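# Notes for the structure review
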Amino acid sequence: METDEVLTLLRDVAEEVINPRFQALSAHEVSEKDPGDLVTVADHEAEVLLTDALLRAYPDAVILGEEATAADPSLLERYAAAEHTFTVDPVDGTKNFVNGSPDHAVMVAELRGGEVVRSWIWQPQHQVAYVAERGAGAWRNGERLVRAPLGDDLRGVTSRRSWLGRALGTLRALDLTWVCCGVDYPHLVEGAADYALYWVAKPWDHAPGSLLLHEAGGHVGMFGGEAYRPQDPTVRGLVAAADRATYELVQGLVGALPRR
């Protein structure tokens, strides 16, 4: 599928099964996979539609869907060993979606040889599309994205509640992210924050945004200084930063953060 065709697929699926449920979910359409980890009928239906379309186009690829993985964790092993894969997050920011917040997204990433080569983030309520191709740039609604110069007062955000309000060295205290990677990464590119810290980093959450940020001049790496490998399903400790220098500064300070 051409890059624009995949984006059209995300838009069409959102229009068919996600948007009609926004601020209109019934109680029986929302459940918990684990305590506090919500899933809706929109998540399930959107993932099936996205996965089926990708498999028709790429029958030999492994499709790692968030909800399919919850039902069959062995899918992670097949994904980790595959040469050609896609990650699918049908409704990223499900809790936001359930609570009526427009800050949610539909996300897909394509990996070849363990490297993200294309990614798509569609924010259906904001009507904004972010698309990235390795070596070809990052784009917002068809316009090229380049990270603006950083200021002197770096702003860091995190989704880990135990880290909120903590300051790394002389940097300002950590604020809360937008609790949706499909919103967090675009905001990093657009300058609303300068770095983001995550502990558990699932592939469907971070593969799409990692390429978007990379193509806009940013850097994503591990707490220990290693490169981020989206095909590693056990990632712990991730820094997404507006540029390499910010990553290196923050990476040198994260050792002070509690791991529990």
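Details of the structure are given in the entry above.
The following refers to the structure shown. Quantities reported herein were computed from a predicted structural model and do not represent experimental measurements.

Attention shifts here to the overall build of the protein. Helices and strands together make up the secondary structure of the protein, namely 8 helices and 14 strands. Computed over C-alpha atoms, the radius of gyration of the protein comes to 17 Å, within 12% of the 18 Å expected from 2.2 N^0.38 for 260 residues, which places it in the range of a compact globule. For the protein, the C-alpha atoms occupy an extent of roughly 50 × 40 × 35 Å along the three principal directions. When each of the 260 residues of the protein is scored for burial, the buried share is 53%.

Formed by 41 residues in total, the largest nonpolar core has its most connected members in Tyr185, Leu188, Leu212, Leu213, Val220 and Leu238. Counting residues in hydrophobic clusters, the runner-up holds 27 residues, among them Val13, Val17, Tyr58 and Val131.

The next point concerns the packing of helix H6 (residues 181-190) against helix H7 (residues 203-215). At their nearest, the axes of H6 and H7 sit 9 Å apart, and the two run at 15° to each other. Accordingly, the angle class assigned to the pair H6 and H7 is roughly parallel. Of the two possible hands of crossing, H6 and H7 adopt the one that is right-handed. Along its contact with H6, which presents Cys181, Tyr185, Pro186, Leu188 and Val189, the element H7 presents Asp205, His206, Gly209, Ser210, Leu212 and Leu213.

For the rest of this paragraph, the subject is unusual backbone geometry. A positive phi angle is found at Gln23, which is not glycine, with a value near 60°. Assignment of secondary structure puts Gln23 in the loop between helix H1 (3-18) and strand S1 (30-34). Its identity is not glycine, yet Gln127 carries a phi of approximately 60°, on the positive side. Checked against the element boundaries, Gln127 lands in the loop between strand S6 (115-123) and strand S7 (128-133).

Criteria and cut-off values
Residues numbered from 1 in each chain as written. Predicted model: local features only at pLDDT ≥ 70, side-chain atom pairs only at ≥ 80, totals over all residues. Heavy atoms only, no water. Helix = DSSP H or I, 4+ residues; strand = E, 2+ residues; numbered from the N terminus. Rg over C-alpha atoms; globule rule 2.2 N^0.38 Å. Buried < 20%, exposed > 50% of the residue type's maximum accessible area, 1.4 Å probe, protein only. Core = buried A, V, L, I, M, F, W, Y, C linked by side-chain atoms within 4.5 Å. Axes fitted to C-alpha atoms, helices over the stretch in contact; angles between N-to-C directions. Parallel < 35°, antiparallel > 145°, perpendicular 65-115°, else oblique. Left-handed = near helix turned anticlockwise from the far one by under 90°. Contact = heavy atoms within 4.5 Å.

Purely geometric numbers; function is a separate question.
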